[in-house]
Structures are given as structure tokens and as C-alpha cells.
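The chain contents come next:
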There are 2 protein chains.
Amino acid sequence: MARREFHPEDHPFGVSVGRLVNRLAALPGVGRKSAERLANHLVSCSAAEALELANAIKDVKDRVKRCQKCFNLTDSELCPICRDPRRDQTVVCVVEQPKDVTSLEAAGVFTGTYHVLGGRIAPLEGIHPGDLTIEALLKRIRDDNVKELVMATNPTLEGDGTALFISNRLEGQPVNVTRLARGIATGSVLEFANREMLADALRGRQAF
Amino acid sequence: MARREFHPEDHPFGVSVGRLVNRLAALPGVGRKSAERLANHLVSCSAAEALELANAIKDVKDRVKRCQKCFNLTDSELCPICRDPRRDQTVVCVVEQPKDVTSLEAAGVFTGTYHVLGGRIAPLEGIHPGDLTIEALLKRIRDDNVKELVMATNPTLEGDGTALFISNRLEGQPVNVTRLARGIATGSVLEFANREMLADALRGRQAF
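Being a predicted model, the structure only gives us computed values, none of them experimental.

## Notes on the UniProt feature "zinc finger region: C4-type" (unreviewed entry) in chain A
Mapped onto this structure's residue numbering, the UniProt feature "zinc finger region: C4-type" (unreviewed entry) falls at residues 67–82 of chain A. In residues 67–82 of chain A, the share of helix is 19% and the share of strand is 12%. The end C-alpha atoms are 8 Å apart.

## Here we look at the pairing of strand β5 (residues 148–151) of chain A
Residues and elements named next belong to chain A. In β5, alternate side chains face the same way, and those of Glu-148 and Val-150 on one face and Leu-149 and Met-151 on the other are all buried. By the bridge criterion, four bridges tie strand β3 (residues 88–95) to β5 in an arrangement that is parallel. Bridge pairing links Val-94 to Met-151 in β5. Two strands pair when backbone bridges link them, and β5 and strand β6 (residues 176–179) are joined in this way by four bridges, in the parallel orientation. Bridged to Leu-149 within β6 is Val-177. Handedness of the β5-helix α7 (residues 157–169)-β6 crossover: right-handed.

## Focus: helix α3 (residues 47–63) of chain B
In an α-helix, one full turn covers 3.6 residues, which means residues spaced three or four apart are oriented alike. With 17 residues, α3(B) should cover 24 Å at 1.5 Å per step; its first-to-last C-alpha distance of 24 Å lies within 8% of that length. Regarding α3(B), the residues found buried are B:Ala50, B:Leu53, B:Ala54, B:Ala56, B:Ile57, B:Val60 and B:Lys61. For α3(B), the arc enclosing every buried residue in end-on projection is 150 degrees, short of the 170-degree limit, so these residues lie on one face. On the buried face of α3(B), the contacting elements are α1 (15–25), α2 (32–44) and α3 (47–63) of chain A together with α2 (32–44) of chain B.

## A look at the pattern of salt bridges
This model, assessed by the stated rule, comprises 24 salt bridges over all chains. For A:Arg23, the salt bridge identified is with B:Glu52, shortest N-O distance 3.1 Å. In this pair, A:Arg23 is assigned in helix α1 and B:Glu52 in helix α3, connecting two distinct chains. Residue A:Arg23 is classed as partly exposed on the basis of its relative accessible area of 30%. By relative accessible area, which is 37% here, B:Glu52 ends up partly exposed.

Definitions and cut-offs
Residues numbered from 1 in each chain as written. Chains lettered and ligands numbered in written order. Predicted model: local features only at pLDDT ≥ 70, side-chain atom pairs only at ≥ 80, totals over all residues. Heavy atoms only, no water. UniProt positions renumbered as here; feature names shortened; annotations may be inferred. Helix = DSSP H or I, 4+ residues; strand = E, 2+ residues; numbered from the N terminus. Buried < 20%, exposed > 50% of the residue type's maximum accessible area, 1.4 Å probe, protein only. Pairing = 2+ DSSP bridges. Right-handed = clockwise from strand over helix to strand, strands pointing away. Expected span 1.5 Å × (residues − 1). Arc of directions from axis to C-beta. Contact = heavy atoms within 4.5 Å. Salt bridge = Lys/Arg side-chain N within 4 Å of Asp/Glu carboxyl O.

Structure representation (C-alpha cells):
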């Protein structure tokens, strides 16, 4: 469904509110009516509350970058998970996107570390192995003596293909490649799985 | 349901993203999972897009105030509706909140102006006629020779009571008091009515 164009100057509260509504309506999953409600809240809440949100947005743009080790998002050199001495550096869970780290962390059963590929191999979209962080992963496996690689790419054709590609690159090396148990329905995406499904999938991970 | 407390420093992307997620989750109608998705979008979208949203929020807090005439929200002395020479200043629609103006404007059938009361009379909550903009409305009716007052308070006990109170204050004056047709279900609130229901209600307004 095409999104209708609204001109901020036509808003009954004036152009400032009209612009804010347009910006909010551009966010994923926020429709025109939700954007109006959020804008109303931001107009009528305390200045401190609104400015804290505005500053939090600026702050992530200024400070958030990629972890030097695992390519997760972070506001320091290494992400909080790579920095944590309690996390096992020799067990690495491979995911497509940073949001998958958030989902798996919410399950709360994984004590290893992550590696964020930055996508999946999709030749039809022009995404090749060289566009992902696969070489950095292979180097990390050697340097850190990684014992287990848990494949947690999305259970789709391309996600499975990416896991298989990495698995093939590791043949003959002393690393145990596993993948998430198929508690997750093929064709769905990790982001929308609930934490129970993800916890089951992590506990029941299988030899690849 | 009580909202669980999350510590921003526990977020897998670090404290900057954690803080942003907490701020977003504090908005009305935004749960923890939506807040994560919005934060992910804001982290990965262009800096320009994110900063435009941050600046739009700051802008409304700096610039938006009450219209001097109708108490609607605006970023200038008079709101866009009071400034518009095509709007009939002698037909005034009385609403509780600025968001009701937005809803009625979306219906697109009303060519008069508005008056925002700032709430409804609710003695049990300590809200008395003096807390609303009723005196300013009465003055405006005299000064502008208002011919028709369309009561569009919410169709609740207190909204109806507020409309009745204003109507009683106008007895003997040459102003025709009407109210929205009851196309809107008693007990509901204007904000969630769709534009068709509101358009019908405006067209079929009845003598009060």
C-alpha cells in the first residue's frame, strides 16, 4: 500500500508538528495515526523527557560503530559481549545481523561470543562472500583457537547456504560446526521468534 | 502489566543503544520489542535521517505553544486554522484537546474554527470550569459575533456535562448551540474514531 504524502505545513498544529509527524511516520511499523499519537505525546510531555529522546538518537549516531572483533554494534572498541571475561571466546555464534544478537541474548542461555556477518550470501542481489565478514571470522577461528562455531543464520535458503559455505571453508580444521536446532520454522526470520523458541533452539543445537 | 526494568548498560550493543531503547519504550504504545526494532532502524539508517528526527523533536519543544485565540497547538501566535481567511470565524467547534482538532480536520468537512478547552469538567479529579478556557470562549463568542457553537467534547458523561455547562452559560445569547451527531459510540473517545465516522458526525450535527 503506497504511503500518502502529507505536507507538514498543512498540519493543524503548524509546520513543526507536521514535520515531526512525517519523521515518525517514516519509522518502520509506525503508521500515520501512531505518528500523530507519538507527536502529541512528545508535544505535551516534559521538555526533559522529549530532549532525552532526541539526545539519545544523536548519541547513537555519534557513538555507535562496529565491534573490532565480532562486528556487532557497540559504542566502544569491543562490544560488551567481547569485553566480558565470563563469555567463552572459543565458542562463536555466527549471525547475519546485530539484531539477531539482541534476540539470542534475550534467550539468555548462550555463554559464548558472536560473529556478525553483516548479511547473507545472495548472488541474485549481488551479495557475495567477500561482502560479508567471513575472512575476519576465519582469521578469528585460527587466532583464538575457536572450538565450536554455532551457525545461527536465518533458517532460509540463503541463510542455510551461507552457513554451508562457511562450513565448507572450515573442512579439515579442528573446529566443531553446529547449527541451531530446528525449533524455528523454516522461512521465518529470527527477529520475530520469541525467547522460548530461541532458547530451545540454542539448547538443542545439532552437528552441521 | 508492570513494565520490566532494563539497565541500559546490559544491552548487547552497549549503553548508548540501551538508553535509546529505554527512551523509545517509554513512548505510548511502544513495547520493548518495538523499541528494539526502532532503535535498530535508527542505528542503521543514514545519520541525516536520524538527526532530522532528533531535530524535529527538539523543534517542537522549542517552538510549539498555544494559539492565542483558540488554544490549539501552534508554532506561531495564531494556529494555522485561525490564520486561514477561508475558515469561518463565526462557527466554532469546541473540543477537549488539541488531538481532537487533528481527528476532526482529517474528516475534512468542517470549514469553521475551533476552541480547545484543555480538558473537561471533572469535579472528582479536581478539574473545575475555571481550569478550562471557557471564559476565553465566552469572550470570543461576544467579540467575534459567533453564530454557531458545535459541541465536539467526547461523548462521555463528563464531556456531555461540560457541553451542557457551556450551553447553560449561553442561554439568552444569539448563538446557536449544536452538537456532533451521535454517530460516535457513547463511552468511546474521539481520538480512535475513524474519519468516516467523524465526517458523518460533523454533517449530522443536531440542535443542543
